[in-house]
Amino acid sequence: MLLTSASELVRLVPTSTADLDICTSWVDNATAGLTPGSTCTKINTITTTTIVPAPTASTQRAVEKIRIVNIHASASNTVRVELFNGTLAFESLETTLLAGESLAYDGVSGRWSSYNAAGREIAPTQAGGPVHIQSSDVAGASTWTKPTSFIPTLTRVICYGGGGGGGGGASQTGAVVRTGGCGGGGGARHERIYRTSELGATEPFTVGAAGAAGGAGASGADGTAGGVGGTTTFSSALNLISAFGGGGGAFGDNAASARAGGAGGGLAAAGGTGTTSAATGGGPGAPTTPSGGCWASSLATAGTPPVAEYGGGAGGGNTIVPANGVGGGSIMGGAGGGHGGGATVTPALINATAGGGRTAAGGTGGAAGTSGAAPTAGTAGANGNMFRGGEGGGGGGGTITASTNGAAGGAGGSHGGGGGGGGVGSNTGTGGAGGLGGVGAIYIVTW
């Protein structure tokens, strides 16, 4: 920063009375040679103040250092540094200093740097400014606060709805078909970029809860269906963004009936809970092959559910035989849970299936439990992250051994994975409980 006339100076324009300490230094280049100079100023009023005075005639003043410190104990102060030529003001920088923060200018590099109250530099992004990230994968309501330590331009919000719970397995003896619980559907992924100026100083957000695990069937009884995953939201009115949860898996029963997994959550509605027919995914939908932000409908068959992209994958269903389908995958959203182990009328065991993963193929998530005299639980699906949803939990193993419980389905991974279905039990044993759906998540990135 170079002042080349007797009318050019540098001034500071504060916006609050929060106390500021300002120290500056410079070097004058005149006919007599080089002469250093400096000044320190205290400001606690909303007054435009000269912090580097103009040089004398026939002198060039090179500004070497400027340091501005907010020494107030609690209040912030938004400051603007201007180059003033006697007529016009040209903004060099405007930023908000929180209590204890400081701003420094280096004349050699021409760079402004910000420092926190501990004196550590607030690292810039590649675009030249700081970045603020707030995230949560804990279900419930909270509040985002717009950062004030810098002037933000854009805010990116990424939401994952909660995964649906897996259905509980049935329990029975005798010459009847008995089925494990169906898998829960995955939660959708939805994102949006805002101009930060269009958002309030604070904005509400809610992380969708995990869909409840379906209850285990008592001795000789059906299980219960899994619960629907909660909706993750940010802001309100025209700024509202929502990612809906996956549907719950159908319960395991003691009848020869086909049943469906929970459908995947969408961007406009939650996925449907499985019944004796295919469950419809949350809108906006597509007829058979989801794409974009669309969900995946579930199947009341042993087929692999269609892969979703940003919507949730569907949980595994079963045929009348029964034959069990795997959990459906989602490229970006939460995947569906696997199906619990069942038994034919003979009786003979039907193995549990794996949960869906983050690929176009089904059944690549949480592993299925083993069926037999000592059935094992399904494996939980892997947790998701900022870029990919959670995997579906594997179905629990079933049994036809008297007085033995079926095994529980695996929980869905956080970021919207569907829970696996529970396996069948044998009287007087109970069925296996369904797996809990994965909780939703939110990321709010401001720069």
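We now turn to the structure provided with this report.

Brief notes about the pairing of strand β8 (residues 89-97)
Examined bridge by bridge, strand β7 (residues 77-84) and β8 share 8 bridges and lie antiparallel to one another. What sits directly across from Leu83, in β8, is Phe90.

Here's the deal with the state of the cysteines
Scanning the entire structure with this criterion turns up 1 disulfide. Two residues, Cys23 and Cys40, share a disulfide whose sulfurs are 2.3 Å apart. The disulfide joining Cys23 to Cys40 has a torsion of about 115° about its S-S bond and is therefore right-handed. With a gap of 17 residues between them, Cys23 in strand β3 (residues 20-30) and Cys40 in strand β4 (residues 33-43) connect regions that are remote in the sequence. Look at Cys23 and you get partly exposed, because its relative accessible area is 35%. Judged by its relative accessible area of 56%, Cys40 is exposed.

Regarding the sheet that holds strand β5 (residues 49-52)
The 4 strands lie next to each other as β5-β2-β7-β8, forming an open sheet whose pairing is antiparallel. The open sheet has two edge strands with one neighbour each: β5 and β8. Across the sheet, the axes of successive neighbouring strands diverge by a mean angle of 30°, strand direction being ignored. In terms of strand pairing, strand β2 (residues 9-14) meets β5 through 3 bridges, oriented antiparallel. In the strand pairing of β5, Leu12 is matched with Thr49.

Concerning the packing of aromatic side chains
Within this structure, the stated rule accounts for 3 aromatic pairs. Each residue in the set Trp144, Tyr194 and Phe234 is aromatic and connected to the rest through ring pairs, giving one cluster. For Arg259, the ring lying beneath its charged end belongs to Phe251, and the centroid distance is 4.1 Å.

A few points about the environment of Val81
Position of Val81 among the secondary structure elements: in strand β7. With a relative accessible area of 1%, Val81 lands in the buried category. In sequence terms Val81 and Val63 are 18 residues apart; their C-alpha atoms lie 13 Å from each other. Among residues more than four places away in sequence, those in contact with Val81 are Val10, Arg11, Leu12, Ile68, Phe90, Glu91, Ser92, Leu93 and Trp112.

Concerning the sheet that holds strand β12 (residues 140-145)
A sheet is described by the order of its strands in space; here 4 strands give the open sequence β12-β15-β16-β17, paired in antiparallel fashion. Both outer strands of the open sheet, β12 and β17 (241-243), are each paired with one neighbouring strand and no more. The average undirected angle you get between the axes of adjacent strands in this sheet is 15°. The pairing of strand β15 (residues 202-207) with strand β16 (residues 232-234) spans 2 bridges and is antiparallel. Paired with Phe205 across the strands is Phe234, a residue of β16.

Comments concerning the side chain of Thr399
Inspection of the secondary structure puts Thr399 in the loop between β19 (349-350) and β20 (441-446). If we skip the residues at most four places from it in the chain, Thr399 touches Leu349, Gly372, Ala373, Pro375, Thr404, Asn405, Gly406, Val424, Gly425 and Ser426.

Structural notes on unusual backbone geometry
Omega for the peptide link from Val321 to Pro322 comes to 5°, which places this bond in the cis form. With respect to the helices, strands and loops of the structure, Pro322 is situated in the loop between β17 and β18 (342-343). With an omega of 10°, the peptide bond between Asn427 and Thr428 qualifies as cis. Here Ser58, not a glycine, exhibits a phi torsion of approximately 65°, which is positive. With respect to the helices and strands, the residue Ser58 is situated in the loop between β5 and β6 (60-70). A positive phi is found at Ser403, a non-glycine position, where the angle reads about 55°.

Thoughts on the pattern of salt bridges
Evaluated as defined, the whole model comprises 11 salt bridges. Glu198 serves as the salt-bridge partner of Arg195, at 4.0 Å between the closest nitrogen and oxygen. Each of Arg11, Arg80 and Glu82 takes part in one network of salt bridges that share partners.

The rules we used
For every chain, the first residue of the written sequence is number 1, and numbering continues from 1 onward in sequence order. Given that this is a predicted model, residues contribute local features only at a pLDDT of at least 70 and side-chain atom pairs are listed and counted only at 80 or more, while totals for whole chains, interfaces and linings are drawn from all residues. Hydrogen atoms and water are omitted, and side-chain values are computed over all heavy atoms in the structure. When DSSP finds two or more bridges between two strands, those strands count as paired. Runs of E in the DSSP output that reach at least two residues are strands. Runs of H or I that reach at least four are helices, and both are numbered from the N terminus. A pair of cysteine sulfur atoms is labelled a disulfide when the two atoms are within 2.5 Å. Buried means the residue's accessible area, taken with a 1.4 Å probe over protein chains only, is under 20% of the maximum for its type, while exposed means over 50%, and partly exposed covers the values in between. Convention adopted: a line fitted to C-alpha atoms gives each axis, helices being fitted over their contacting stretch, and angles between N-to-C directions are expressed from 0 to 180 degrees. Within 6.5 Å between ring centres, the rings of Phe, Tyr and Trp (the latter by its six-membered ring) count as paired, and their orientation is classed by plane angle as stacked under 30 degrees, edge-to-face over 60, tilted in between. To sit over a ring, a charge needs its Lys NZ or Arg CZ within 6 Å of the ring centre and within 35 degrees of the ring normal. Residues count as neighbours in contact if any of their non-hydrogen atoms are within 4.5 Å of one another. Salt bridges are defined by distance alone: a side-chain nitrogen of Lys or Arg within 4 Å of a carboxyl oxygen of Asp or Glu.

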